Amino acid sequence: MTAKAAATSAQAKGAADVSARFETARALYEARRAAEALIPAQQAVAMAPDHADAVALLDAIQTALATGDPALVRLELTAVLNPDDGANQLALGEAYAALDRPHDAERCCKRALELGRIREAHADLAELYLSVDMLDAADHHAHLVLSAPDEGRDDDTLVAIACQTLAATCAARGEHGQAKLWLDKAYVRSSLYRQPCPDAAFTTLVLATRGQGNIGYGALMPRGGFDRTVWYMEHARQDQFAELGDYAVVLNAIGDPDIAQASRPKVDAFLAGCTRPVLNPPDRVAATFRHRIGETLAGIPNLVAPKTVRLSADDIAHGLRDAVSRAGLGWPIIVRPTGSHGGKGLVLIEDEAGLDAIPWEPGGDAYVTAFHDYRSPDGFYRKYRMIFVDRRPYAYHLAIGPHWMVHHQSAEMATDPVRIAEELAFLRDPEAAIGGRAMAAVGIIGARLDLDYGGVDFGLTADGQVLLFEANATMLTHLEPADGPFSAKNPFIEPILRAFQAHLTTRAGRG
């Protein structure tokens with residue numbers, strides 16, 4: 001080969017190398033994997049400083065890393081520099097799961113599995129698949145946790161996670177008896193679990209319930225930035241007091257007052273001797289029972305709180321029709337099991353004959369609520385949600401749908417730019433969206449609830465009053481996927497998370 005031919009071949013190979021690195025970096029960057037894209041982008045620019053697209057891409061990658069969440073970026077860069085660090089892969093996977101990035105979380109967990117973190121990776125995969133309703137996959141990985149040999153690393157925690165997952169999949173299939181057995185097994189060895197974060201300034205003791213009804217503390221206090229000890233209070237024991245360690249603040253995450261009853265005596269016994277600040281004390285949570293919320297919020301101008309009556313299992317045992325009749329509500333009514341969320345078991349009954357068609361399971365209490373038709377003139381139903389942090393209201397979402405039981409996840413708004421735009425307008429200026437009278441009522445609701453964290457769901461009456469649906473501590477707050485249809489909401493959600501974290505830090509004495 002001549003010198004000229006060799007030079008030409010080398011140039012072609014170099015160009016191919018630059019192109020390969022550039023395309024790799026671009027693909028990773030577009031997949032939201034900026035940390036992994038950094039090195040191939042740097043290599044492309046080093047090999048071809050005049051490659052304008054590569055220079056622009058490197059600049060975009062560096063900007064993404066500089067403006068991203070510092071804890072997440074640190075985990076991502078550590079994974080790039082130490083690809084065989086299984087512990088970091090697990091931490092990164094958990095961080096992605098908390099951000100509703102299941103594909104990225106799955107990739108990291110499977111890499112941790114390859115690196116020998118068997119039980120931990122299977123436990124995380126079980127939780128991940130449960131979160132996306134892949135029940136069979138969740139069962140599979142949960143059972144692998146239980147069948148694997150002990151590794152000596154938080155085995156009680158891993159067993160609890162696996163059993164909790166199996167309980168949740170059983171409950172989702174309607175196998176409630178089996179779900180209870182799995183929950184009992186989850187805490188047979190321990191009910192106190194450390195979730196450490198070495199860089200955190202303080203530890204939060206989280207009082208939790210083993211079932212539904214907890215505040216979404218995982219999104220409010222991400223694992224990458226907050227050190228937590230979680231205590232499942234149904235199984236709390238006095239001898240565990242010495243195992244709590246040094247915590248600065250207590251978050252009572254048991255936000256559903258119906259579900260809180262099972263653990264309330266143990267929570268009260270612990271708090272009676274607790275000298276640390278307590279967020280969402282149980283007596284304030286108790287004020288949010290559905291049948292008591294009208295009394296809690298009584299007298300607030302421009303608030304309509306539909307009458308709600310609680311029916312005991314004994315009342316219902318003598319006949320649901322008779323029990324509803326004695327409640328003294330007019331038609332139509334809404335009937336729901338106590339302690340249910342997300343519309344599960346919720347039924348609208350138009351008249352007395354409709355009661356006979358309810359597939360009611362005996363043995364549980366129920367709420368009966370007067371129904372107020374809140375349909376807007378355009379035929380849609382609108383459900384507004386505002387979150388309270390330290391009693392201050394923040395707009396969180398507006399669900400707009402054709403059915404009276406409207407939820408954001410089922411309203412089919414993702415393909416409707418008009419409804420998406422209306423929601424964003426509410427988030428930008430809630431008072432302009434709902435009116436000054438309604439906004440003033442919401443502000444008083446937050447003060448009257450007197451919670452460190454809570455929320456209210458409501459509609460609007462034809463004359464602009466707040467129509468209360470529920471007000472309690474269990475309202476979820478989480479960021480939307482960055483590549484999802486509602487990602488434009490995140491600039492309005494982030495201040496809620498920051499406000500809670502600042503309030504928690506202040507109450508912990510670190511503010």
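Residues numbered from 1 in each chain as written. Predicted model: local features only at pLDDT ≥ 70, side-chain atom pairs only at ≥ 80, totals over all residues. Heavy atoms only, no water.

Considering the overall build of the protein chain
A tally of helices and strands in the protein chain yields 21 helices and 14 strands. Over its C-alpha trace the protein chain gives a radius of gyration of 26 Å, about what one expects of a compact globule, namely 24 Å for 511 residues. Taking the principal axes of its C-alpha atoms as reference, the protein chain extends roughly 100 × 55 × 45 Å. A total of 511 residues make up the protein chain; the buried ones form 48% of that total. Counting only contacts in the protein chain whose residues sit at least 6 apart along the sequence, the fraction spanning at least 24 positions is 65%. For the protein chain, the accessible surface area stands at approximately 23,400 Å², while carbon and sulfur atoms represent 54% of it. Averaging the positions of the 49 positive and the 66 negative side-chain charges in the protein chain gives two centres separated by 2 Å. (Helix = DSSP H or I, 4+ residues; strand = E, 2+ residues; numbered from the N terminus. Rg over C-alpha atoms; globule rule 2.2 N^0.38 Å. Buried < 20%, exposed > 50% of the residue type's maximum accessible area, 1.4 Å probe, protein only. Contact = heavy atoms within 4.5 Å. Areas by Shrake-Rupley, 256 points an atom, 1.4 Å probe, with all protein chains shown as cover. Lys, Arg positive; Asp, Glu negative; His and termini not counted. Charge placed at Lys NZ, Arg CZ, Asp CG, Glu CD.)

Details of the packing of helix 8 (residues 135-147) against helix 9 (residues 155-172)
It is the contact of helix 8 with helix 9, at a shortest axis distance of 9 Å, that shows an interaxial angle of 150°. When the axis of helix 8 is compared with that of helix 9, the two are roughly antiparallel. At the point where helix 8 passes helix 9, the crossing takes the left-handed sense. Residue-level contacts link Leu135, Ala138, Asp139, Ala142, His143, Val145 and Leu146 of helix 8 to Leu158, Val159, Ala162, Cys163, Thr165, Leu166, Thr169 and Ala172 of helix 9. Its residues assigned to classes, the contact of helix 8 with helix 9 comprises 11 nonpolar, 3 polar and 1 charged. (Axes fitted to C-alpha atoms, helices over the stretch in contact; angles between N-to-C directions. Parallel < 35°, antiparallel > 145°, perpendicular 65-115°, else oblique. Left-handed = near helix turned anticlockwise from the far one by under 90°. Nonpolar A, V, L, I, M, F, W, Y, C, P; charged D, E, K, R; others polar.)

A few points about the confidence of the model for the protein chain
Model confidence for the protein chain is summarised by a mean pLDDT of 87, while 92% of its residues fall at 70 or above. Mean pLDDT values over the elements of the protein chain span from 67, in helix 1 (residues 3-30), up to 98, in strand 5 (residues 278-279). This model gives residues 1-14 a pLDDT under 50, and the stretch forms 2 contacts once residues within four places in sequence are excluded. (pLDDT = per-residue confidence, 0-100.)

Points about the environment of Arg33
Tracing the backbone shows Arg33 in the loop between helix 1 and helix 2 (34-47). Along the chain, Arg33 and Ala123 lie 90 residues apart, while their C-alpha atoms are 24 Å from each other. Aside from chain neighbours lying at most four places away, what touches Arg33 is Leu28, Asp104 and Arg107.

Structural notes on the pattern of salt bridges
Following the criterion strictly, the structure yields 32 salt bridges and no others. The partner of Arg173 in a salt bridge is Asp136, with the nearest N and O atoms 2.9 Å apart. With Arg173 in the loop between helix 9 and helix 10 (176-186) and Asp136 in helix 8, this pair connects stretches of sequence that are 37 residues apart. Asp136 gets classed as exposed once you look at its relative accessible area, which sits at 61%. (Salt bridge = Lys/Arg side-chain N within 4 Å of Asp/Glu carboxyl O.)

A word on the sheet that holds strand 3 (residues 227-232)
With mixed pairing, the 5 strands of this open sheet are ordered in space as 1-3-2-4-5. Each edge of the open sheet is held by one strand with a lone partner, namely strand 1 (192-195) and strand 5. Pairing of strand 2 (residues 203-208) with strand 3, which is carried by 6 bridges, proceeds in the parallel orientation. Residue Val206 lies in a different strand from strand 3, and its bridge partner there is Val230. (Pairing = 2+ DSSP bridges.)

Section: the side chain of Asp227
In this fold, Asp227 is placed in strand 3. Note on Asp227: relative accessible area 7%, which makes it buried. A polar contact is formed between the side chain of Asp227 and the side chain of Arg194, at a distance of 2.8 Å. In terms of polar contacts, Asp227 uses its side chain to reach the side chain of Thr203, at 2.8 Å. (Polar contact = N/O pair within 3.5 Å; in protein donor to acceptor, adjacent residues only side chain to side chain.)

Describing unusual backbone geometry
Even without glycine at this site, Asn302 takes up a positive phi of about 65°. Here Asn302 is to be found in the loop between helix 15 (293-296) and strand 6 (303-304).

Describing helix 20 (residues 436-449)
Here helix 20 contains 14 residues, and its C-alpha end-to-end distance of 20 Å stays within 8% of the 20 Å for a straight helix at 1.5 Å per residue. Listing the buried residues of helix 20 in full gives Ala438, Met439, Ala441, Val442, Ile445, Gly446 and Leu449. The arc enclosing the buried residues of helix 20, seen along the axis, measures out at 160°, which places them on a common side. (Expected span 1.5 Å × (residues − 1). Arc of directions from axis to C-beta.)

Brief notes about the sheet that holds strand 13 (residues 453-460)
Pairing is mixed across the open sheet formed by 5 strands, whose spatial order is 6-14-13-11-12. Both outer strands of the open sheet, strand 6 and strand 12 (392-401), are each paired with one neighbouring strand and no more. Direction of pairing for strand 6 relative to strand 14 (residues 466-472): parallel, over a ladder of 2 bridges. Opposite Val304, over in strand 14, you have Leu467 as the bridge partner. Its contacts with the sheet put helix 21 (residues 490-507) on strand 11 (381-389), strand 12 and strand 13, and the angle it makes with strand 12 is roughly 145°.

Concerning the nonpolar core
Among the nonpolar cores identified, the biggest contains 90 residues, and Met221, Ile434, Ile445, Val456, Phe458 and Phe500 are the most heavily contacted of them. Considering each element in turn, this core owes the most residues, 9 residues, to helix 9. Residues in contact with Met221, not counting those within four places in the same chain, are Thr204, Val206, Phe226, Arg228, Leu251, Phe500 and Leu504. Within the second largest apolar cluster, 18 residues are counted, among which are Ala25, Ala35, Ala44 and Leu57. (Core = buried A, V, L, I, M, F, W, Y, C linked by side-chain atoms within 4.5 Å.)

Some points on the pairing of strand 13
Counting buried residues along strand 13, 8 of its 8 residues qualify, which places the element largely inside the surrounding structure. Side chains Tyr453, Gly455, Asp457 and Gly459 project from strand 13 onto one buried face, and the interleaved Gly454, Val456, Phe458 and Leu460 project onto a second face that is buried too. For strand 13 and strand 14, the ladder comprises 6 bridges, and the chain directions are antiparallel. Bridge assignment links Gly455 to a residue of strand 14, and that residue is Asn472. Joining the antiparallel neighbours strand 13 and strand 14 is a turn of 5 residues, in which Gly464 adopts a positive phi near 85°.

A closer look at the environment of Ala46
Residue placement: Ala46 occurs in helix 2. Distance from Ala46 to Val18, taken between C-alpha atoms, is 9.1 Å for residues 28 residues apart in sequence.

Details of the packing of aromatic side chains
On inspection of all chains with the given rule, the structure shows 10 aromatic pairs. Seen from their ring centres, Tyr193 and Tyr232 are 6.0 Å apart, and the 65° between their planes marks the pair as edge-to-face. Placement of Tyr193 in strand 1 and of Tyr232 in strand 3 is noted, with a sequence separation of 39 residues between them. The buried category is assigned to Tyr193, whose relative accessible area is 5%. With centroids separated by 5.1 Å and ring planes inclined at 70°, the aromatic side chains of Tyr384 and Phe426 adopt a geometry described as edge-to-face. Placement of Tyr384 in strand 11 and of Phe426 in helix 18 (residues 417-428) is noted, with a sequence separation of 42 residues between them. Linked through ring pairs, Trp231, Phe241 and Phe270 together constitute an aromatic cluster. The ring of Tyr247 has Arg276 lying over it, and the distance from NZ or CZ to the ring centre is 5.8 Å. Positioned above the aromatic ring of Tyr396 is the side chain of Lys489, whose terminal nitrogen or guanidinium carbon lies 5.4 Å from the ring centre. (Phe/Tyr/Trp six-rings, centres within 6.5 Å; stacked < 30°, edge-to-face > 60°. Lys NZ or Arg CZ within 6 Å of the ring centre and 35° of its normal.)

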